[in-house]
Amino acid sequence: MVSSELILGAVVALPGLVFALVTMLWLLGAPLKERFVVIVTAITYSVAVLGVLALFVEMSSQGLQQILASFGNWFKLGAYEFPLILKVDRVSLPFAALTVILTGLVGAFSARYMHREPGFLRFFLLLHLFAFGALVIFTAGSFDLLIAGWEFVGLTSVLLIAFFHERPDPVSNALRVFAVYRGCDIGLLVGVVVLHHYHDHVTPGAAALVSLLFLLAASGKSAQFPFSGWLPRAMEGPTPSSAIFYGAISVHAGAYLMLRTRPYLEMAPQVAVLVVAVGLVTAVLATLVGRACSDVKTSLAYASVTQVGVIFAEIGMGWETLALVHICGHAAVRTLQFLRAPSALHEFHQLHAAAGGELGQTGSHYEAFLPVAVRARLYRFALDRAHMDTLLDRIVVAPLVRVSTLLNRTEYRMEGKPSGARVVRVPVAGEADA
Amino acid sequence: MPEMLTMMAWMVPLAGALLVRVVGDKVPPRSIAVAAALAALVCSLPGASLDALSHFAMVLYAGLTVVVLVAAPKKDSTVGEQAGTLLILAGTLAVYATDNLAVLVGGWIVSMLPLWVKPKESMASWLVPRLMLGVGTVALGGAVVLIAMEAQSSGIADVMSISALQGVKIIDNPAVYGLILLAILTRKGVVPFQSWLPAMCEQGSLLQAGLFVNGHLGAFLVARLVVPLLPNLGQDGLAPISILALVTAAYTSLLALTERRPRRLVGLLLLSQSSFILAGVESGTQEGFAGALLFWLVVSLSTTVLFVVLRALEARLGGWLRTEDYLGLGMRAPRLAAFFVVAAVAVVGMPGTLGFAAEDLLLHGTLESHRWVGLILPFATAMNAFSLLRLFARLFLGRYERMVPAIPDALPRERWVLTACLLVLVGLGVMPQAAMIFAQAKSTALHAMLHR
């Protein structure tokens, strides 16, 4: 009989091990065929789903509130320890289940969707690394360990946005997303430092500070107000990765962090109100922007953020169970919609034909109640994606760039001259011949 | 015998530098230089006569030099370059190994010589590095003279022996502290003396500049001279060093945000990340020391890989690079791109690399003594991470293969040494306990040494 602790460890470690092994095989020059990669992916997530199922059966049959698996210390120095503790409870088990089921499905879908794509192997490797990071987030027994998973998810997200890296646009959009992620992750890092400072004696003031900092991190990861601007940029990645990241798992990681922050939110009700406000503002703005989007993936992304905004509001109000049910349902539906997005036009035509060319107008229900002038203003507002990128650019990016440029100029002046270096402009191949 | 080996560790590269100068036109200078650096590494390994910090620093530095010498492009394998690199190695190892203040000053000067006497591009741009490093050297010399005078007036026989002076508590002269502080700040490139490193990286030999800074002699001096010889200073007296180091970390990361010249950018990032070593050394806690040691290891290895890759690209393309546009070099040199990106994520503390454990330890070790570290470290590393990813994207991504000039990917000699560096960073990142055992032994010894 295998212990539940071991099963939990295996479920989390499996995608990480597959990533490491396949990467090593590739580095050693093994010819990795698409079929091999697909079969390995299918086996990995089938086993992981069975593992999660076993954990569920164990918890429900034994009436357990949680399963803790301690694997000693990741590292230890003197009195300082970094414990490697994994935990599943009624909050984390649904998230872990969603991760392994949806990653497996997306893997199966991608076997055809990514067929003969030059980055086929890279896509699957990043998918495994993402699943590993997400499972670490959802089963971490400490915030320190959660940070590790959080960073993996962020990094894989950025690398998948830049998947088609031959074009400058995906690369620059990935950079933008990375900047928002890293900026907001400061909240998580500093929050954990504050928690360590207070140890077990968290005062209401400290709880408010920690909740605020975690809200910053969660808002960044879940594209909440005022950080929603990165989301349409993230649609540069392949559709299956958009589905798993921005329809299902990554976009809900912020909500998970907020669920884990509930004890501190209860000590700081004013921050809980802020969480509700952020969620509701995001929901209203995102639904508005989504209605003005002209491409299916971006519309879906904003629809996704709308729902996550509502989920944030539910968490702020303390309706944890409702939030959990909402997350599970939303993740499943949105993944399906994202995966069907590439054939949306084809399906519309089929529907249109099936209805004998009599398909009714949709999507103009609420707007009809507004005066025309207001509608026009709102349309402009929505076209600029609620000015969220502009807002961040003006408040954060522009001052930073101004200060940095000023300091750089001063440095150059101190050195006497701008540059004496021989600068090479890398030519476009064939340019010289022409 | 152990003393002899330690002395040989810095004498051999010194002799190697002379040999390269004399027979470099008959024997390939790279062969002589690599042999001398390997000999220095072997002599440093036993470390029986060394304290914990010196042993760690010597082995790491000799190893780094081997990496730089092996991976340097052919263009940088001239007699002058190889002899210069060996001089930097010899001088730095002498500073690490010696107990004698005069040798320490001598090593300090020798390690600087190759960079000091090489105004290749223009005198104006070398003025800042020369001035700042010169001021630091004069300050260190002045401090040593003052220490010797005070020791002599107190009747100590060997006025140049650091161990003889340690614990005697005779040195209570604020001028000594001021001068040593100046030497530390200038050598470490701490604000307001940060300008020399980007200038040197841009104009001089990139690999030598990186190697020179990765000696971290400023941080070493805090542990070697300030804490043991000036115990009356206490934690408050040391605080200015840490505060200025943290300001440097934030300041240089801010500078890097809009810097478009890769050479300057990696120089700024090296300054920014290595500033945290000072805070760790000065924290007075075992976790802080251990975090500083591991951070030292991570910053040295990662930035060496970044410098080597950047220099390799320059050598292939025939000039200094600018990153106003995407260059897409990863399409032609995927291995160089992979080396670059792994080193970049390691230096900014991504999980899966030793940088993550080092940062974690440093944060916890310095939390009580320097709460600002808890705020500045995440901010600075976030900005540095963005700057590095931007640099990676500009250098390696954003063009179709047919638009990128054909350049060779990593050569076997580059591949071997860079892979070794990354194996250490990633291997110890996945299993950091092995690094912790080492760091604990070293930091315990260091803690005891500094507080005896």
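Residues numbered from 1 in each chain as written. Chains lettered and ligands numbered in written order. Predicted model: local features only at pLDDT ≥ 70, side-chain atom pairs only at ≥ 80, totals over all residues. Heavy atoms only, no water.

### Side note on the domain arrangement of chain B
Residue and element names in this part refer to chain B. Applied cut-off: Note that domain bounds follow an automatic or database assignment of domains. Any two residues whose heavy atoms approach within 4.5 Å at even a single point are treated as in contact. Take the accessible area each of two parts loses on contact, using a 1.4 Å probe, and add the two losses: that sum is the buried area. Basic side-chain nitrogens of Lys or Arg form a salt bridge, by our definition, when they fall within 4 Å of a carboxyl oxygen of Asp or Glu. Polar contacts here mean pairs of N or O atoms no more than 3.5 Å apart (in protein, one a potential hydrogen donor and the other a potential acceptor; neighbouring residues in sequence count only if both atoms are side-chain atoms). Numbered from the N terminus, helices here are DSSP runs of H or I no shorter than four residues, and strands are runs of E no shorter than two.
By the assigned domains, chain B splits into domain 1 (1-100 + 111-117) and domain 2 (119-204 + 216-450). Each of domain 1 and domain 2 was reduced to a C-alpha centroid, and the two centroids are 20 Å apart. The interface of domain 1 with domain 2 comprises 31 residues on the first partner and 38 residues on the second. Of the roughly 3,100 Å² buried at the junction of domain 1 and domain 2 (both faces included), carbon and sulfur atoms supply 68%. The three residues of domain 1 that bury the most area against domain 2 are L53, F56 and W116, which together make up 21% of that side's buried surface. A salt bridge links D76 to R311, with the nearest nitrogen and oxygen atoms 2.6 Å apart. Taken together, the links from domain 1 to domain 2 amount to twelve residue pairs in polar contact (both at pLDDT 80 or more). Put simply, the parts of the chain that give the side of domain 1 that touches domain 2 at least two residues each are α3 (52-71), α4 (79-97) and α5 (101-116). When residues in the side of domain 1 that touches domain 2 are grouped by element, the largest group, twelve residues, is from α3.

### Remarks on the packing of aromatic side chains
Geometrically, a pair of aromatic rings is defined through the distance of the ring centres and the angle of the planes. Test applied: Side-chain rings of Phe, Tyr and Trp (the six-membered ring for Trp) are treated as a pair once their centres are within 6.5 Å; stacked means planes under 30 degrees apart, edge-to-face means over 60, and tilted covers the remaining angles. Buried, partly exposed and exposed residues are distinguished by accessible area as a fraction of the type maximum, computed with a 1.4 Å probe on protein chains only: under 20%, between the cut-offs, and over 50%, respectively. For a lysine, the NZ atom is tested; for an arginine, the CZ atom; a charge sits over a ring if that atom is within 6 Å of the ring centre and within 35 degrees of the ring normal.
Taken as a whole, this structure holds 28 aromatic pairs over all chains when the rule is applied. Both rings, one in F123 of chain A and one in F124 of chain A, keep their centres 5.5 Å apart while their planes meet at 80 degrees; by these two values the pair is edge-to-face. Note on F123 of chain A: relative accessible area 0%, which makes it buried. Judged by relative accessible area, which is 0%, F124 of chain A ranks as buried. Ring pairs connect the aromatic residues W74, F75, Y80 and F82 of chain A together with F356 of chain B, which therefore count as one cluster. When the ring centre of Y181 of chain A is taken as reference, the NZ or CZ atom of K221 of chain A above it lies at 4.4 Å. The positively charged end of R394 of chain B is found above the aromatic ring belonging to Y326 of chain B, 4.6 Å away from the centroid.

### Comments concerning helix α6 (residues 168-198) of chain A
Residues and elements named next belong to chain A. Let me state the cut-off plainly: Take the number of residues in a helix, subtract one, and multiply by 1.5 Å to get its expected span.
A rise of 1.5 Å per residue sets the reference length of α6, with its 31 residues, at 45 Å; its end C-alpha atoms lie 45 Å apart and thus fit the reference within 8%. The buried count for α6 comes to 23 of 31 residues, which makes it a mostly enclosed element. Remark: H199 follows α6 within two positions and exhibits a positive phi of approximately 50 degrees.

### Examining the side chain of D389 of chain A
Take D389 of chain A: it is sitting in helix α17 (residues 388-415). Residues contacting D389 of chain A, with those up to four places away along its chain left out, are R176, G229, W230 and R233 of chain A.

### A few points about the domain arrangement of chain A
How large an interface is tends to be reported as the accessible area lost when its parts come together. Residues and elements named next belong to chain A. Threshold: Basically, the charged four are Asp, Glu, Lys and Arg, the nonpolar ten are Ala, Val, Leu, Ile, Met, Phe, Trp, Tyr, Cys and Pro, and anything else, Gly included, counts as polar.
According to the domain assignment, chain A consists of domain 1 (1-141) and domain 2 (162-342). A C-alpha centroid distance of 22 Å is found between domain 1 and domain 2. Counting from both sides, the interface comprises 25 residues of domain 1 and, opposite them, 27 residues of domain 2. In this assembly, domain 1 packs against domain 2 so that about 2,300 Å² is buried in total across both faces, 79% of it on carbon and sulfur atoms. Residue R260 is joined to D89 by a salt bridge in which the shortest nitrogen-to-oxygen separation is 2.9 Å. Put simply, domain 1 and domain 2 have four residue pairs in polar contact (both at pLDDT 80 or more) between them. Elements with a contribution of two residues or more to the side of domain 1 that touches domain 2: β2 (80-89), α3 (92-113) and α4 (120-139). If you tally residues by element for the side of domain 1 that touches domain 2, the top one is α3, at eleven residues. The class makeup of the residues in the side of domain 1 that touches domain 2 is 15 nonpolar, five polar and five charged.

### Side note on a nonpolar patch on the surface
The criterion, for reference: Only residues above 30% relative accessible area that lack a salt bridge enter a patch, with like-charged residues linked at up to 9 Å and the nonpolar side chains Val, Leu, Ile, Met, Phe, Trp and Tyr linked at up to 5 Å. All accessible areas in this document rest on Shrake-Rupley with a 1.4 Å probe, and a residue is counted as covered only by the protein chains that are shown.
On the surface, L391, I395, V396, V397, L400 and V401 of chain A cluster together into a nonpolar patch covering about 450 Å² of accessible area. If you trace the backbone, V401 of chain A turns up in helix α17.

### Brief notes about the pattern of salt bridges
Any two side chains of opposite charge can pair, given that their charged atoms come close. Inspection of every chain in the model, using the stated rule, returns 20 salt bridges over all chains. One salt bridge in this structure joins D393 of chain A and R176 of chain A, with 2.8 Å as the shortest N-O distance. Residue D393 of chain A is located in helix α17, and its partner R176 of chain A is located in helix α6; the two are separated by 217 residues in the primary sequence. For D393 of chain A, a relative accessible area of 28% gives the class partly exposed. What makes R176 of chain A buried here is its relative accessible area of 17%. The salt bridge partner of D51 of chain B is R224 of chain B, with a shortest N-O separation of 2.8 Å. Here R224 of chain B lies in helix α11 (residues 217-229) and D51 of chain B lies in the loop between α2 (29-44) and α3, a separation of 173 residues in the sequence. For D51 of chain B, a relative accessible area of 21% gives the class partly exposed.

### Here's the deal with the interface of chain A and chain B
With 54 residues of chain A at the interface, the matching set in chain B holds 73 residues. In total, chain A and chain B occlude about 5,800 Å² of area from one another, counting both sides; carbon and sulfur atoms represent 68% of this. Of all the secondary-structure elements, those providing two or more residues to the side of chain A that touches chain B are β1 (66-77), β2, α5 (143-161), α6, α17 and β3 (423-424) of chain A. Within the side of chain A that touches chain B, the residues separate by chemical class into 34 nonpolar, ten polar and ten charged.

### Quick notes on the pairing of β2 of chain A
Residues and elements named next belong to chain A. Here is the rule we go by: If DSSP finds at least two bridges between two strands, the strands pair.
For β1 and β2, the ladder comprises nine bridges, and the chain directions are antiparallel. Bridge pairing in β2 places L77 opposite Y80. Connecting β1 to the antiparallel partner β2 that follows it, the hairpin turn spans two residues, and G78 within it adopts a positive phi of roughly 60 degrees.

### Things to note about the environment of T405 of chain A
All names here are of chain A. Assignment of secondary structure puts T405 in helix α17. Through-space distance from the C-alpha of T405 to that of L8 is 50 Å; in sequence the pair is 397 residues apart. A polar contact is formed between the side chain of T405 and the backbone oxygen of V401, at a distance of 2.5 Å.

### Here's the deal with the side chain of R176 of chain A
Polar contacts involving the side chain of R176 of chain A include one to the side chain of D393 of chain A, which spans 2.8 Å. Ignoring sequence-local partners within four residues, the contact set of R176 of chain A consists of R233, D389, L392 and D393 of chain A.

### Looking at the nonpolar core
Here is the rule we go by: Put simply, a nonpolar core is a bunch of buried Ala, Val, Leu, Ile, Met, Phe, Trp, Tyr and Cys residues held in one set by side-chain atoms that sit within 4.5 Å of each other.
Counting 309 residues, the largest nonpolar core has W230 of chain A together with I180 and F396 of chain B as the members making the most contacts within it. Broken down by element, this core gets its largest block of residues, 19 residues, from helix α14 (residues 286-317) of chain B. Once residues lying within four places of it in the same chain are set aside, the contact partners of I180 of chain B are A143, I147, L221, L225, V226 and L230 of chain B.

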